[in-house]
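Structural overview
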Amino acid sequence: MNPQESTRPPRRVLVTGGAGFIGSHTSVLLLEAGYDVLILDNLSNSTVEVVAAIERVAGRRPDFVCGDVRDGALLARLFARSAIAAVFHFAGLKSVAESLAAPLDYYANNVGGTIVLCREMAEASLHTLVFSSSATVYSASHAPPLSESSPLDPAQPYGRSKLMIETLLGDLAATDPRWAIASLRYFNPAGAHETGALGERPKGIPNNLMPYLCQVACGERPELIVHGNDYPTPDGTGIRDYIHVMDLAQGHLAALDYLETHPGFIAINLGTGRGYSVLDLVEAFERVIGRTLPRRIGPRRPGDIAASWAAVDRARELLGWQSERGLEAICRDAWRWTCTGCPPRS
Ligand code: NAD
Ligand code: UFG
């Protein structure tokens, strides 16, 4: 073996939940950047076809293992099989509304999964972790923009599961200086890969606005229900910070670079710094597709908050990262994916 090769740090990364929406787009960028990617996903909210789509887009195939992140023995085998440099931990449940109906599932999967993962990482002397956190960790009573030092007080079990994980990751980093952990607080990821070959395809009825809108536009659903128009916002509908999934994916690579020289725990917002209402998004989408869509106003959705957008200074200063794509690109790419790449439902 070339001696230089043996001393070179491994460039292989584990991507839990890598067949999902954000994990798949990040896997493409990791492969394109020269990393070897091992995806671990239980396919509870994705399909194995995504792995082939990642290969088509990136030109290189990720390794794929169908399994659960809560399976410690499986993780131990994966870590023993080949040296891993870092873990991107996307695997988890993500519906705010569902978490109100099934809180134990959320704590078991999100918190339980992270505990098992971190235990096995420590066993394998692997201490670099990029975690998928969420803007839902912030207090709903604090007015946006939300900075990393804004008050934390999630309004539902989903957000509380993310905050519990952040707390345990902070505690973990305090116990051992080898840990380097970035908790990325995503605002509202949307859009798709520019090729139209990769995008968001949740199982069942989409919870998130953009995939729901796409399904209305292609006739899979009769109409969009706007969840409330009596919020204290200019048009009465909820305001969110929609960030293009490829910008978000790029933020993960920037976080990994940062962790190479910055051990400890840090939470960083990934958003655009701009908020748009539900109606803003719907109208931007309608401009892209060139027609209006059926919609009606429904009641507020339990667990929703009025407005949320990010303060993005920390990401810019520490990661040298900021979003580049706007609302139109988000809508255009989501629609291209719906029309060209998204497999039809059986
Ligand atoms: P997603 O559902 O598309 O992807 C998650 C993937 O994890 C799925 O492929 C699913 O099959 C897999 N998974 C779930 N539980 C698992 C387990 N126990 N073991 C192995 N695989 C498992 O969701 P996403 O939108 O890509 O979100 C990724 C992460 O980002 C999640 O942790 C989510 O909470 C977080 N997040 C998402 C958003 C958003 O709006 N999409 C916003 C903030 C944070
Ligand atoms: N909305 C509708 N109709 C729909 C779906 C959504 O009006 O059919 C509205 C919601 O009420 C909200 C906005 O569109 O005002 C955005 O809703 P999403 O479900 O797309 O996003 P959320 O802000 O509720 O939550 C998302 C992710 C979470 C993540 C959070 C971070 O689902 O995982 O963003 O801000 F944590």
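In this text the structure is predicted, and so the values were computed from the model without any measurement. (Residues numbered from 1 in each chain as written. Chains lettered and ligands numbered in written order. Predicted model: local features only at pLDDT ≥ 70, side-chain atom pairs only at ≥ 80, totals over all residues. Heavy atoms only, no water.)

Some remarks on the site of ligand 1
- Around ligand 1, 29 residues are found, and the nearest of them are Asp41, Asn45, Ser46, Asn109 and Tyr158.
- Contacts to ligand 1 include Asn109, whose side-chain N or O atom sits 2.7 Å from a nitrogen atom.
- Taking Lys162, its side chain carries an N or O atom lying 2.9 Å from an oxygen atom of ligand 1.
- Contact with the protein chains hides 97% of the accessible area of ligand 1, taken as 820 Å² for the molecule alone.
- Of the residues assigned to the shell around ligand 1, the class counts are twelve nonpolar, twelve polar and five charged. (Near = heavy atom within 4 Å. Polar contact = N/O pair within 3.5 Å; in protein donor to acceptor, adjacent residues only side chain to side chain. Areas by Shrake-Rupley, 256 points an atom, 1.4 Å probe, with all protein chains shown as cover. Nonpolar A, V, L, I, M, F, W, Y, C, P; charged D, E, K, R; others polar.)

A few points about the site of ligand 2
- In the vicinity of ligand 2 there are 22 residues, among which Ser134, Asn208, Arg240, Arg301 and Asp304 approach most closely.
- Residue His227 places a main-chain N or O atom 2.8 Å away from an oxygen atom belonging to ligand 2.
- Asp304 places a side-chain nitrogen or oxygen 2.6 Å from an oxygen atom of ligand 2.
- Bound to the protein, ligand 2 loses 93% of the 690 Å² it would expose on its own.
- Of all the secondary structure elements, the ones that give two or more residues to the shell around ligand 2 are helix H8 (209-217) and strand E8 (224-227). (Helix = DSSP H or I, 4+ residues; strand = E, 2+ residues; numbered from the N terminus.)

Describing helix H2 (residues 21-32)
- Taking 1.5 Å of rise per residue, twelve residues should cover 16 Å, and H2 covers 17 Å from first to last C-alpha, within 8% of that figure.
- Burial within H2 is extensive, with eleven of its twelve residues counted as buried.
- The complete set of buried residues in H2 reads Phe21, Ile22, Gly23, Ser24, His25, Thr26, Ser27, Val28, Leu29, Leu30 and Leu31.
- Backbone geometry just downstream of H2 places Gly34 in the positive-phi region, at approximately 100°. (Expected span 1.5 Å × (residues − 1). Buried < 20%, exposed > 50% of the residue type's maximum accessible area, 1.4 Å probe, protein only.)

Considerations on the sheet that holds strand E6 (residues 180-186)
- Strand order across the open sheet formed by seven strands is E3-E2-E1-E4-E5-E6-E11, with parallel pairing between neighbours. The sheet is open, and its two edges are formed by strand E3 (63-66) and strand E11 (264-270), each paired on a single side. Ignoring strand direction, the axes of neighbouring strands in this sheet form an average angle of 20°.
- Looking at chain direction, strand E2 (residues 36-41) and E3 are connected through four bridges and run parallel. Residue pairing for E3: Ile39 is matched across the bridge by Phe64. (Pairing = 2+ DSSP bridges. Axes fitted to C-alpha atoms, helices over the stretch in contact; angles between N-to-C directions.)

Concerning the pairing of strand E1 (residues 12-16)
- Buried residues dominate E1, accounting for five of its five residues.
- Neither face of E1 is open: one carries Arg12, Leu14 and Thr16, the other Val13 and Val15, and all of them are buried.
- Pairing analysis gives five bridges linking E1 to E2, with the strands arranged parallel. Note on E2: the bridge partner recorded for Val15 is Ile39.

A short note on the environment of Arg11
- As for its placement among the helices and strands, Arg11 is situated in the loop between helix H1 (3-7) and E1.
- Expressed as a C-alpha distance, the spacing of Arg11 and Val96, which sit 85 residues apart in the sequence, is 35 Å.
- Contacts of Arg11, omitting those with residues within four sequence positions, involve Ala33, Gly34, Tyr35 and Asp36. (Contact = heavy atoms within 4.5 Å.)

Focus on the state of the cysteines
- What the rule picks out here adds up to zero disulfides.
- Free cysteine Cys339: the closest other cysteine sulfur is in Cys218, separated by 7.5 Å.
- Among the residues examined, Cys339 registers a relative accessible area of 48% and is labelled partly exposed. (Disulfide = S-S within 2.5 Å.)

With respect to helix H3 (residues 49-58)
- For H3, the complete set of buried residues consists of Val50, Val51, Ala53, Ile54, Val57 and Ala58. Projected down its long axis, H3 carries its buried residues within an arc of 160°, all on one side. Turned more than 90 degrees away from the buried face of H3 sit Glu49 and Arg56, all of them exposed.
- Buried residues along H3 sit against H2, E2 and E3.
- Gly59 lies just past H3 and shows a positive phi near 80°. (Arc of directions from axis to C-beta.)

Some points on the nonpolar core
- Ranked by size, the top nonpolar core spans 44 residues in total, and within it Val13, Val15, Leu30, Phe88, Leu184, Leu270 and Leu319 carry the most contacts.
- Broken down by element, the residue count for this core peaks at ten residues, all from helix H9 (residues 245-261).
- Beyond its immediate sequence surroundings of up to four residues, Val13 is in contact with Leu30, Tyr35, Asp36, Val37, Leu38, Ile84, Ala86 and Phe88.
- Listed in part, the 26 residues of the second largest apolar core include Val65, Leu117, Cys118 and Trp179. (Core = buried A, V, L, I, M, F, W, Y, C linked by side-chain atoms within 4.5 Å.)

Observations regarding the pattern of salt bridges
- As enumerated under the stated definition, the model contains 17 salt bridges in all.
- Its salt-bridge partner being Glu200, residue Lys94 comes within 3.6 Å of it at the nearest N-O pair. Taken as a pair, Lys94 in the loop between strand E4 (86-89) and helix H5 (96-101) and Glu200 in the loop between strand E7 (188-190) and H8 lie far apart in primary sequence, 106 residues in all.
- Residue class for Glu200 comes out buried when judged on its relative accessible area of 10%.
- In this structure, the salt-bridge partner of Glu166 is Arg185, at a minimum N-O distance of 2.6 Å. You can see Glu166 sitting in helix H7 (residues 157-175) and its partner Arg185 sitting in strand E6, a full 19 residues away along the chain.
- Assessed through its relative accessible area of 5%, Glu166 is described here as buried.
- Each of Glu194, Asp247 and Arg325 takes part in one network of salt bridges that share partners. (Salt bridge = Lys/Arg side-chain N within 4 Å of Asp/Glu carboxyl O.)

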